[in-house]
Amino acid sequence: MKRIWKALLAFVLAVSLLCMLTACGATFDASGYVKAALDADIHGETAAYAELLDITEEEAQQEYEEVLNSMVAEIDSLGLSDELNDKYRSLFADLLKKTDYTVLEATENDDGSFTVPVEIKPITNVFTGLMDEAESAMTEYANSLVTADDIPDENEITEYAGQLVYDILTERLNAIEYGEAQTVEITVAQDEDNAYGVAEEDVEALLTTMIDLGDLA
């Protein structure tokens, strides 16, 4: 799971908020830029983002699909069934859609950059203690095989473990819990070509605040 979340982080760092947007500083809407990018790649709401970057909604939707693909690729490498991979894809989409953030009003700095506050209510219960619960359940499963007549092969055990973790995550996602609101400030600044973007460390701070990874961090 740690690798999956890192895959998401790496992909989002490569798109949306790091996409350079050329605009006149006098009319640039920094908050709108941040909100459109987050809504597109986290919630799959692509209309504003497509308009902002002057691309089609289909192209913006494809970018969102690539976010999900980057997460499922880590699951796929485990050798799970296509059916279970599809279940994880839907689960990750649901998880991202449940992230709770509000982009607040930007302030322009003396150097022409913008500080954009993002208020986030972090998801706190999905990954916290996940490994302990999964390991306990797998230990119980392994003990049950000691007296079993038909011992499953490696692929069957992998599938069982994948389904087990999926079931735990689904149960937690259906009873989603949020922590107290936190505000993360990011800076939107122009580069030497007068194109706006956000530093990687700011994007990382946003994403890692949205979902508490617990012992996966």
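Residues numbered from 1 in each chain as written. Predicted model: local features only at pLDDT ≥ 70, side-chain atom pairs only at ≥ 80, totals over all residues. Heavy atoms only, no water.

Colleague: Describe in detail the overall build of the protein chain, supporting the description with residues and values.
Modeller: Along the protein chain, the regular secondary structure elements total eight helices and six strands. Reading the protein chain from its N terminus to its C terminus gives the helix and strand order α-β-α-α-α-α-β-β-β-α-α-β-β-α. Counting only contacts in the protein chain whose residues sit at least 6 apart along the sequence, the fraction spanning at least 24 positions is 72%. About 11,200 Å² of surface is accessible on the protein chain, with carbon and sulfur atoms providing 47% of the total. (Helix = DSSP H or I, 4+ residues; strand = E, 2+ residues; numbered from the N terminus. Contact = heavy atoms within 4.5 Å. Areas by Shrake-Rupley, 256 points an atom, 1.4 Å probe, with all protein chains shown as cover.)

Colleague: Account for the packing of aromatic side chains, naming residues and giving values.
Modeller: Overall, the coordinates contain seven aromatic pairs when judged by the stated rule. Taken together, a centroid distance of 6.1 Å and an interplanar angle of 55° make the contact between Phe114 and Tyr196 tilted. In this pair, Phe114 sits in strand 4 (residues 114-121) while Tyr196 sits in strand 6 (residues 195-198), placing the two residues 82 residues apart along the sequence. An identical accessibility class is assigned to Phe114 and Tyr196; each is buried. The rings of Phe28, Tyr33, Phe114 and Tyr196 are connected pair by pair, giving a single aromatic cluster. (Phe/Tyr/Trp six-rings, centres within 6.5 Å; stacked < 30°, edge-to-face > 60°. Buried < 20%, exposed > 50% of the residue type's maximum accessible area, 1.4 Å probe, protein only.)

Colleague: Break down helix 6 (residues 130-145) for me, citing the residues and quoting the values.
Modeller: Taking 1.5 Å as the rise per residue, helix 6 with 16 residues should run 22 Å; its terminal C-alpha atoms sit 23 Å apart, in good agreement. Packing partners of the buried residues in helix 6 comprise helix 7 (154-174). (Expected span 1.5 Å × (residues − 1).)

Colleague: Quick one: what's the story with unusual backbone geometry, residue by residue and with numbers?
Modeller: The residue Asp54 is not glycine, and still its phi comes out positive at about 55°. With respect to the helices, strands and loops of the structure, Asp54 is situated in the loop between helix 3 (47-53) and helix 4 (57-76).

Colleague: Can you lay out the packing of helix 6 against helix 7 for me, pointing to particular residues and giving the numbers?
Modeller: At a minimum axis separation of 10 Å, helix 6 and helix 7 run at an interaxial angle of 135°. Of the possible angle classes, the one that applies to helix 6 and helix 7 is oblique. Helix 6 and helix 7 meet at a crossing whose hand is right-handed. Contacts between helix 6 and helix 7 involve Leu130, Glu133, Ala134, Ala137, Met138 and Tyr141 from the first element and Ile157, Tyr160, Ala161, Leu164, Val165, Ile168, Leu169 and Arg172 from the second. Partitioned by chemical class, the residues of the contact of helix 6 with helix 7 number twelve nonpolar, no polar and two charged. (Axes fitted to C-alpha atoms, helices over the stretch in contact; angles between N-to-C directions. Parallel < 35°, antiparallel > 145°, perpendicular 65-115°, else oblique. Left-handed = near helix turned anticlockwise from the far one by under 90°. Nonpolar A, V, L, I, M, F, W, Y, C, P; charged D, E, K, R; others polar.)

Colleague: Provide a residue-level description of the pairing of strand 5 (residues 182-190), including the pertinent values.
Modeller: On a regular strand, each side chain points to the face opposite its neighbour's, so the side chains alternate between the two faces of the sheet. Sheet analysis places strand 4 next to strand 5, joined by seven bridges and oriented antiparallel. Across the sheet, residue Val116 finds its bridge partner in strand 5, namely Ile186. Bridge analysis of strand 5 against strand 6 gives three bridges, and the strand direction is antiparallel. Directly across from Gln190, in strand 6, lies its bridge partner Tyr196. (Pairing = 2+ DSSP bridges.)

Colleague: Explain the packing of helix 5 (residues 82-97) against helix 7 to me, using residue names and the numbers behind them.
Modeller: Closest axis-to-axis distance for the helix 5/helix 7 pair is 11 Å, and the angle between their directions is 25°. Comparing the axis directions of helix 5 and helix 7 gives the class roughly parallel. Crossing geometry of helix 5 relative to helix 7 is assigned as left-handed. Residues Leu84, Lys87, Tyr88, Leu91, Asp94 and Leu95 of helix 5 form the contact with helix 7, whose participating residues are Glu159, Gly162, Gln163, Val165, Tyr166, Leu169, Thr170 and Leu173. Partitioned by chemical class, the residues of the contact of helix 5 with helix 7 number eight nonpolar, three polar and three charged.

Colleague: Can you lay out the nonpolar core for me, pointing to particular residues and giving the numbers?
Modeller: Ranked by internal contacts, the top residues of the largest apolar core, which has 48 residues, are Val34, Tyr88 and Val188. The element contributing the most residues to this core is helix 5, with seven residues. By size, the runner-up hydrophobic cluster in this structure holds six residues, among which are Ala37, Ala40, Tyr49 and Ala50. (Core = buried A, V, L, I, M, F, W, Y, C linked by side-chain atoms within 4.5 Å.)

Colleague: Which residues make up the pairing of strand 2 (residues 100-103), and what values go with them?
Modeller: Because side chains alternate across strand 2, one face comprises the buried residues Tyr101 and Val103, and the other comprises Asp100 and Thr102, none of which is buried. Where strand 2 meets strand 4, four bridges bridge the pair, whose relative direction is antiparallel. Across the sheet, the residue bridging to Asp100 is Lys121, located in strand 4.

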